[in-house]
Amino acid sequence: LEKENNMYRIVKEENRLSGKIQYIIEKRKKFLWMVSWTRDLDLDIPQIGPVGAPTLDGAKYKLDQIIAWDGKILKKTTV
């Protein structure tokens, strides 16, 4: 399953042994004429492993937040 944006997509991964389904967000990379996809989303937070969710709705919500805030996930406020 792919939900393509101009820079992101959601990929459905299913482990056939455990039956576990995970929806992973990937970012499009382009160098000259070559296009590839990476799970390193260049977020402003430490990212250990892929960003995703066990449901498609959860992955869509996270993708919407990444797009809306242009990868600036950490909100800082001086109090």
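What counts as what
Residues numbered from 1 in each chain as written. Predicted model: local features only at pLDDT ≥ 70, side-chain atom pairs only at ≥ 80, totals over all residues. Heavy atoms only, no water. Core = buried A, V, L, I, M, F, W, Y, C linked by side-chain atoms within 4.5 Å. Buried < 20%, exposed > 50% of the residue type's maximum accessible area, 1.4 Å probe, protein only. Helix = DSSP H or I, 4+ residues; strand = E, 2+ residues; numbered from the N terminus. Contact = heavy atoms within 4.5 Å. Patch = residues over 30% accessible without salt bridge, like charges linked within 9 Å, V, L, I, M, F, W, Y side chains within 5 Å. Areas by Shrake-Rupley, 256 points an atom, 1.4 Å probe, with all protein chains shown as cover. Salt bridge = Lys/Arg side-chain N within 4 Å of Asp/Glu carboxyl O.

Draft legend 1. Quick peek at the nonpolar core. Ranked by size, the top nonpolar core spans 11 residues in total: Tyr8, Ile10, Tyr23, Ile25, Leu41, Leu43, Val51, Ala53, Ala59, Leu63 and Ile66. Elements with a contribution of two residues or more to this core: β1 (8–14), β2 (21–31) and α1 (56–68). If you tally residues by element for this core, the top one is α1, at 3 residues. Those residues within four positions of Ile66 in sequence are excluded, and the remaining contacts are Tyr8, Ile25, Leu41, Leu43, Val51, Gly71 and Ile73.

Draft legend 2. Expanded view of a nonpolar patch on the surface. Where nonpolar side chains cluster on the molecular surface, the patch consists of Phe31, Leu32, Trp33 and Met34 and spans about 550 Å² of accessible area. Considering the arrangement of structural elements, one finds Phe31 in strand β2. On the accessibility criterion, Phe31 (56% relative accessible area) is exposed.

Draft legend 3. Geometry of the pattern of salt bridges. Counting across every chain of the model gives 4 salt bridges. In this structure, Glu13 engages Arg39 in a salt bridge whose closest nitrogen and oxygen atoms are separated by 2.2 Å. Note that Glu13 is positioned in strand β1 and Arg39 in the loop between β3 (34–38) and β4 (52–53), a separation of 26 residues in sequence. Arg39 gets classed as partly exposed once you look at its relative accessible area, which sits at 28%. Across the pair Glu26 and Arg39 runs a salt bridge whose closest N-O atoms are separated by 3.1 Å. One end of the pair, Glu26, is in strand β2; the other, Arg39, is in the loop between β3 and β4, with 13 residues separating them in the sequence. Judged by relative accessible area, which is 8%, Glu26 ranks as buried. In this structure, a network of salt bridges that share partners links the residues Arg9, Glu13, Glu26 and Arg39.

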